[in-house]
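# Chains, contacts and geometry: an overview
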Amino acid sequence: MSDFRFSFNVFGLPAPHEFDALCRRAERLGYDVLFAADHLGMPAPFPVLAAAARATERLRVGTLVLNSLFWNPALLARDAATTDVLTGGRLELGLGAGHMKWEFDEARIAWQGFGDRADRLEETVTEVGRHFAADGFAQQAGMREAYGVPVLRPVQRAGFGGWGPPLIIGGTGDPVLRIAARHADTVSVAGAYQIKGRPPGTFRIGTAAEAAERVAFARSCAGDRAASLEWHALAQMVQVTDDRAGAAERVVERFGPAMTVEELLDTPYVLIGTVEEIAGQILRGRERFGFTHYTVHGPYLDAFGPVIEAVRRAEG
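All of these numbers come straight from a predicted model, not from anything done at the bench.

Basis of the calculations
Residues numbered from 1 in each chain as written. Predicted model: local features only at pLDDT ≥ 70, side-chain atom pairs only at ≥ 80, totals over all residues. Heavy atoms only, no water. 1 Å grid on protein atoms, 1.4 Å probe; cavity = no way out; pocket = protein on both sides within 12 Å on 5 of 7 lines; lining within 4 Å. Points joined across faces, edges and corners; volume = space filled by probe spheres on them. Helix = DSSP H or I, 4+ residues; strand = E, 2+ residues; numbered from the N terminus. Buried < 20%, exposed > 50% of the residue type's maximum accessible area, 1.4 Å probe, protein only. Expected span 1.5 Å × (residues − 1). Arc of directions from axis to C-beta. Contact = heavy atoms within 4.5 Å. Core = buried A, V, L, I, M, F, W, Y, C linked by side-chain atoms within 4.5 Å. Polar contact = N/O pair within 3.5 Å; in protein donor to acceptor, adjacent residues only side chain to side chain. Salt bridge = Lys/Arg side-chain N within 4 Å of Asp/Glu carboxyl O.

Glancing now at the layout of surface pockets. Of the pockets and cavities examined, the largest pocket occupies roughly 1400 Å³. Around the largest pocket, the lining is made up of 49 residues, and of these His99, Ala192, Tyr193, Phe203 and Gln236 lie nearest the centre. Among the elements of the structure, β4 (66–67), α5 (114–134), β6 (167–171), β8 (192–194), β9 (203–205), β10 (230–235) and α9 (244–255) are those that each provide at least two residues to the lining of the largest pocket.

If you trace the backbone, Ala314 turns up in helix α12 (residues 301–315). Assessed through its relative accessible area of 52%, Ala314 is described here as exposed. Each C-alpha atom, one on Ala314 and one on Glu127, is 42 Å from the other, the two residues being 187 residues apart in sequence.

It is worth spelling out helix α1 (residues 16–29) at this point. Look at α1: 20 Å from first C-alpha to last across 14 residues, which is about the 20 Å you get at 1.5 Å a residue. For α1, the set of buried residues is Phe19, Leu22, Cys23, Ala26 and Glu27. Each buried residue of α1 lies within a common arc of 135° when the element is viewed along its axis, so the set occupies one face. Exposed and facing more than 90 degrees away from the buried side of α1 are His17 and Arg28. Elements that come into contact with the buried residues of α1 comprise β1 (5–10), β2 (33–36), α2 (45–55) and α12.

Take the nonpolar core next. Membership of the largest hydrophobic core comes to 74 residues, with the highest contact counts inside it found for Tyr31, Leu34, Ile282, Phe291 and Phe304. Contact partners of Phe304, with chain neighbours within four places excluded, come to Phe6, Tyr31, Val238, Leu271, Ile278, Ile282 and Val296. In terms of nonpolar packing, the next biggest core, distinct from the first, is built from eleven residues, Ala247, Val251, Leu264 and Leu265 among them.

Backbone torsion omega between Leu64 and Val65 reads -20°, so that peptide bond is classified as cis. Its place among the elements puts Val65 in the loop between β3 (60–63) and β4. For Arg108, which is not a glycine, the phi torsion comes out positive at approximately 60°. By the element assignment, Arg108 lies in the loop between α4 (101–107) and α5.

One can find Thr267 in the loop between α10 (261–266) and β12 (270–273). For Thr267, the side chain forms a polar contact with the main-chain oxygen of Gly206, separated by 2.7 Å. In this view, Thr267 contacts Ile205, Gly206, Thr207, Ala208, Met259 and Gln281; residues no more than four positions away in its chain are not counted.

With that out of the way, let us pick up the pattern of salt bridges. For the structure shown, the criterion picks out 16 salt bridges. Here Arg182 and Glu122 are joined by a salt bridge, their closest N and O atoms 3.0 Å apart. You can see Arg182 sitting in helix α7 (residues 174–183) and its partner Glu122 sitting in helix α5, a full 60 residues away along the chain. Of the charged contacts in the structure, one is a salt bridge between Arg288 and Asp266, with a shortest N-O distance of 2.7 Å. Remark: Asp266 occurs in helix α10 and Arg288 occurs in helix α11 (residues 275–288); sequence separation between them is 22 residues. One continuous salt-bridge network, built from bridges that share partners, spans Arg5, Arg60, Glu92 and Glu230.

These figures capture arrangement, not role.
Here it is, written out as structure tokens:
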């Protein structure tokens, strides 16, 4: 895929009319997808997606990404199919292995090592796909016959072997990227890295070299599939400014010496500069990393809007 797509993450949940207005503004600004995350203390993903689709005409909606250990695959398949129907086939289902230990503790779900969490992720992908393919929700034939209840199945035939919505898998570790290479339609190469020796959930931003290496690794695992996949990056910061170097220096001072100014300006996970400079960075990133889908966090929605226009103008 060579065409760019742009999306944003929903963080908070304002009053219903304000949320509707936010979604419509995003659509006018040229965003392609609204994503909901899957964290405790944040809005439940699927109701947010249904509401966003109802408020808009073309905006796709998705999860970036669900913590697969929080979901029973059969119930997840039911929720995803329902959401795909209610959104008119606009759902994109993103899955990951989870990384915030405190959330597991708070939810009283046993924390597992990375390898076990990755195994659970692949099991979830396989089981959700099985339910989509087998119409696993439709076994109560008596109800269908007695009440005319239609079979519940996703509208789309894109991901999950052609039985469901497009599948996004995101992460940085080898096991998760191998799973993404085998199953996903969109491979999200995450830009947050666990800091060694620090508590789980303590992260730093990945460098350009790490992004390139992770993409190369995933491509090698995908083999012939690689050319047909969408490659995705989540930008952790967007700052539109005429003083790119000065802004980067202030960011480094604020967040510590984990990256140099040069590394910060080079990483695809931080976008700093004028609208034209950021657009140029994104265009070069397609050639350098293969990224054609960028997500920004909700607070950067308006600031990033002109960048979307600039990229598409440059593409003709």
